[in-house]
Each structure stands twice: as structure tokens, then as C-alpha cells.
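Survey of secondary and tertiary structure
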Amino acid sequence: MFDFLTGYDLLGAFWVTVQLTVYSAIGSLVWGTLLAAMRVSPVPLMRGFGTAYVNIVRNIPLTVIIVFTSLGLFQTLSISLGAKDFTTINFRLAVLGLITYTAAFVCEALRSGINTVPAGQVEAARAIGLSFPQVLRLIVLPQAFRSVVGPLANVLIALTKNTTVAATIGVAEAALLMREMIENEAQLILISVIFAFGFICLTLPTGLLLGWVSKKVAVRR
Amino acid sequence: MPVRDDAKDARDDGRYADALVVLRNVDKHFGALHVLRSIDLTVGRGEVVVVIGPSGGGKSTLCRAINRLETVDSGEILIDGRPLPAEGRELAALRADVGMVFQSFNLFAHKTVLENVTLGQVKVRKKDKRAAERRARELLDRVGVASQADKYPAQLSGGQQQRVAIARALAMEPKVMLFDEPTSALDPEMINEVLEVMQQLAREGMTMVVVTHEMGFARSAAHRVVFMADGRIVEETTPDQFFSNPRSDRAKDFLSKILHH
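Bear in mind the structure is a predicted one, so any value in this text is a computation, not a measurement.

1. So, the UniProt feature "transmembrane region" (unreviewed entry) in chain A
Residues and elements named next belong to chain A. In the numbering adopted here, UniProt assigns the feature "transmembrane region" (unreviewed entry) to residues 12-38, 59-83, 89-107 and 188-213. Annotated as residues 89-107, this span is 100% helix and 0% strand, and its ends, taken at the C-alpha atoms, are 27 Å apart. This span, residues 188-213, is 100% helix and 0% strand, and a straight line between its end C-alpha atoms measures 38 Å.

2. Here's the deal with helix 2 (residues 44-57) of chain A
Count 3.6 residues to each turn of an α-helix, and residues three or four apart come out pointing the same way. Residues and elements named next belong to chain A. Here helix 2 contains 14 residues, and its C-alpha end-to-end distance of 20 Å stays within 8% of the 20 Å for a straight helix at 1.5 Å per residue. Buried within helix 2 we find Gly50, Tyr53, Val54 and Val57. Taken end-on, helix 2 shows its buried residues confined to a sector of 90°, consistent with a single buried face. The outward face of helix 2, more than 90 degrees from its buried face, is lined by the exposed residues Pro44, Leu45 and Ile56. Taken together, the buried residues of helix 2 touch helix 1 (10-39), helix 3 (62-76) and helix 4 (86-116).

3. Comments concerning the pattern of salt bridges
If you walk through the whole model with that rule in mind, you get 22 salt bridges over all chains. Ionic pairing is found between A:Glu108 and A:Arg39, a salt bridge with its closest N-O pair at 2.8 Å. Remark: A:Arg39 occurs in helix 1 and A:Glu108 occurs in helix 4; sequence separation between them is 69 residues. Note on A:Glu108: relative accessible area 18%, which makes it buried. Assessed through its relative accessible area of 15%, A:Arg39 is described here as buried. With a closest N to O distance of 4.0 Å, B:Arg250 and B:Asp253 form a salt bridge. Remark: B:Asp253 and B:Arg250 occur in helix 10 (residues 249-258); sequence separation between them is three residues, near one turn of the helix.

4. Remarks on the interface of chain A and chain B
Put simply, an interface is often sized by how much accessible area is lost when its parts join up. Of the residues lining the interface, 20 residues belong to chain A; the matching set on chain B comes to 26 residues. For the pair chain A and chain B, the number of links is one salt bridge. Between B:Arg64 and A:Glu123 there is a salt bridge whose closest N-O contact spans 2.6 Å. If you look at where chain A meets chain B, you find seven residue pairs in polar contact (both at pLDDT 80 or more). Within the residue set of the side of chain A that touches chain B, elements represented by two or more residues are helix 5 (119-127) and helix 6 (132-147) of chain A.

Cut-offs used in this document
- Residues numbered from 1 in each chain as written.
- Chains lettered and ligands numbered in written order.
- Predicted model: local features only at pLDDT ≥ 70, side-chain atom pairs only at ≥ 80, totals over all residues.
- Heavy atoms only, no water.
- UniProt positions renumbered as here; feature names shortened; annotations may be inferred.
- Helix = DSSP H or I, 4+ residues; strand = E, 2+ residues; numbered from the N terminus.
- Expected span 1.5 Å × (residues − 1).
- Buried < 20%, exposed > 50% of the residue type's maximum accessible area, 1.4 Å probe, protein only.
- Arc of directions from axis to C-beta.
- Contact = heavy atoms within 4.5 Å.
- Salt bridge = Lys/Arg side-chain N within 4 Å of Asp/Glu carboxyl O.
- Polar contact = N/O pair within 3.5 Å; in protein donor to acceptor, adjacent residues only side chain to side chain.

Following this line, the structure appears as C-alpha cells:
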């Protein structure tokens with residue numbers, strides 16, 4: 001029944017999906033945190049930039065962003081992100097696009113977490129002489145992160161599935177292989193089920209694990 | 001004009017010539033509400049000033065203005081001869097010298113009791129971690145919560161939390177301590193354990209500004225009572241004078257309402 005699978009590197013394709021997810025997750029967590037810091041900063045210019053970034057980026061379809069990294073950054077502006085061969089260039093461009101997009105959602109999840117930190121925590125931190133960056137880094141963000149593990153898990157699951165858009169610029173991840181198999185094999189339903197199952201295998205444990213973490217690290221007040 | 005008495009005269013005579021906190025002609029509005037009306041107040045080094053008065057009279061705002069948790073519209077505030085700087089590094093440095101204890105404790109919820117007391121020493125005073133921990137344990141012992149050092153704030157009673165908050169403020173070795181209604185959020189049986197720590201501090205010569213409804217504390221620990229109502233300092237005098245012979249009608253009215261029970 002599964003004879004048609006021979007000759008396809010199913011695991012290899014999902015491995016690329018995992019790599020896209022991991023690199024993009026780390027990048028968007030860092031960039032999203034910086035954006036959130038900008039959005040609550042006392043400097044109007046930074047606040048303005050953070051707000052503008054989030055409102056522009058999250059309203060552009062991911063496909064447009066990913067295609068732009070290839071057509072705009074690489075083919076027009078010759079930005080190849082330090083890579084020589086097309087496979088690596090496209091992979092890196094896709095990660096860049098995914099980070100750009102996902103960071104906007106990380107930022108907003110984190111900002112809602114920052115809003116759950118009582119004002120008294122900030123006042124107490126300022127009262128012992130901590131500077132604004134210290135208050136953010138030592139008091140506000142640690143508490144904010146703990147309260148948004150659940151929402152961040154949603155963002156991570158969405159990111160995992162969004163990596164399929166990288167297929168549009170030829171990154172050999174799961175969705176590209178699926179397209180190829182659908183063209184070549186007469187097993188449409190089975191192929192769809194296999195790939196759906198593959199993604200569930202990636203995202204379901206993520207959700208369960210982070211749900212457990214969320215309870216574990218919750219701040220008691 | 002505020003009614004003034006011995007304490008004020010004494011300060012003018014120079015008994016409190018060593019002024020640590022000075023407010024001159026301070027005004028503040030919250031929208032249409034005029035919460036501080038040309039406040040003049042001087043707190044001498046080692047002096048314990050208790051601010052009392054009806055709710056909404058501007059007591060807390062006054063207290064919070066001293067370390068600029070509230071900004072003021074006009075007037076001047078000096079700590080140890082230096083005007084309060086605007087937001088930034090300098091203000092942070094000044095705040096480290098001004099200890100603050102809040103009504104709702106505000107212990108850092110994600111840090112243990114010990115970490116609460118060491119954080120400022122390490123991050124602001126740049127003390128060595130071990131020295132900071134030693135100091136923290138000393139202070140926790142002094143306020144009677146040494147055995148709780150490794151717990152999280154939510155595991156402690158209100159009274160214990162507030163004593164940890166006092167230790168956290170003392171760890172910065174502040175020049176002056178501000179107490180913003182430190183016992184108002186406590187169950188009655190926990191009020192005394194906090195007041196005792198404050199009494200002890202007062203005896204040791206700490207400069208203190210205490211906003212409170214605890215008249216017993218005002219009587220026994222204060223060098224001076226400042227009575228505030230409607231954004232004004234209505235009367236400032238010794239506790240004896242204030243409780244036995246208030247001069248202003250506003251103070252008489254206030255005392256008649258609270259001292260009957």
C-alpha cells in the first residue's frame with residue numbers, strides 16, 4: 001500500500017521543515033522581544049517604529065513576504081545572506097522572511113504578557129534604583145514570558161505550519177515534496193493524510209509540552 | 001495658612017538644620033483634581049515624620065513625589081541638597097538612596113525572598129553576590145523572616161511580605177525611608193509585627209516619612225505629625241500637641257471621627 005513512497009526522501013523533507021522552524025523560532029523570539037521592548041519603551045521614536053512594524057508586517061500575507069525575499073532581496077538587490085548555492089540562499093531567505101513575519105506575532109503575545117505584570121512590580125523595581133532596561137530585563141520580561149507561554153505555543157505551532165510557504169521559493173521542505181508526490185503518484189488522499197500526520201507529529205508534542213511548561217512556570221501572586 | 005507649632009519652630013531655629021528632604025511650593029494636578037497645593041515640607045536627618053489625614057487628601061501622592069514615582073507640576077524637591085533629576089540614570093541613582101515601602105508590598109513575584117533582597121545590591125550597588133546574600137540574611141533576620149528566605153512571596157503572609165519589603169529597601173542602605181500606608185493592606189493581627197520593625201528603625205535613627213492611619217504609631221514614633229487634607233498641609237506639629245490639642249477645625253473634625261472607637 002505504501003509502495004509509492006520508495007524513492008522519496010520523506011524524512012529529509014520533514015527535517016528541513018524542522019530546521020526552518022527551529023531557526024525561525026529562535027530568530028523571531030529574539031526579534032519579537034526587541035520589538036516588544038521598543039513598544040513599551042519611553043522613547044517615542046522606538047515606540048513609533050515598533051507600532052508601525054507590527055501593524056505593517058502582520059497585515060501582509062506571508063507568501064508576499066517570502067516571495068519578496070527571493071524576488072526583491074536576492075534577485076533584485078543581490079542580497080544572498082552569505083551563501084553561495086541556491087539551496088542555502090533560499091533556505092536563509094525563507095528563514096529571514098519567517099522571522100520578519102512571526103516576530104510581529106511574538107511581539108504582540110509578549111506585549112499582552114507585559115500588560116499582566118502589575119504596575120506595582122515596576123514601581124518597586126524603579127524604587128530600588130534599577131534603570132529602565134534593567135526593570136524590563138530583570139522584572140517585567142521574565143514575568144511576561146511566564147504568562148504567555150500558552151500564546152507563544154500557538155505562535156510556534158502556526159510558525160511550524162507556515163514553513164510550508166517556503167516551498168514557493170523552492171525550499172525543499174515537506175510541502176514541496178508533497179506537491180511533487182501529488183504530481184507523480186495516484187494516491188492523493190493517502191499523500192495528504194501522510195503529510196497532515198507528519199505535521200501533527202511535529203506540533204502536537206510542542207503544544208502539549210509547552211502547555212505543561214506554562215503551568216510549571218506560572219507566576220503565583 | 002497652615003497652623004504651625006514647636007516642631008516647625010524648632011526646625012527654623014536650626015535643631016533640624018540638617019535638612020534631608022525638602023519640598024518647596026510643590027503643586028500637582030490629576031486632571032481637574034488639585035492633589036498637592038503649594039506644599040512646603042522639610043524633613044531633617046534622623047527625623048520621623050508621620051503624614052496623616054483623610055483619604056484622597058494627597059498623602060500618598062506627596063510620599064510618591066519624593067522619589068518621583070509621581071511627577072509634580074511645579075515646585076522643587078531636594079534630597080540631601082540635590083534637586084530631583086529628570087528620568088534617567090541620575091534619577092535611578094537617587095532612587096537607590098530613597099527606600100520605599102508600598103501598601104501592597106510589591107515584592108518581585110518571580111523571585112525568592114532572598115533574591116528580592118539581593119537584587120538591588122547586586123544590580124544597582126554592584127556588590128559581590130556573596131556579600132549581598134550575607135547582608136540580605138542579616139536584614140531578613142532583623143525583620144524576623146530569616147526562615148522564609150527561600151520561599152516565594154506568594155507563600156508568605158501579608159505581614160511577612162511587608163517585612164521582607166522593608167528588608168529589601170534597607171538593603172540599599174537608603175538615606176531616607178518612605179512608607180506609603182505600609183499596614184493598610186494587612187489583616188489586623190499582622191499590623192503590629194510590621195509596626196514593631198518600623199518602631200525599631202525609628203529608634204535607630206533612620207529618617208522616615210510615614211503615611212499611615214495608625215495613630216498609635218504616630219503618637220509613639222513620630223517626631224512630627226503632618227496633617228494633610230484636600231491637598232494642603234493643614235497642620236504640622238508634635239504628636240502630643242496634635243492629638244491632645246489640634247488647632248485647625250479640619251484636624252479636630254478628623255480626630256473626632258477616628259478616635260471615638
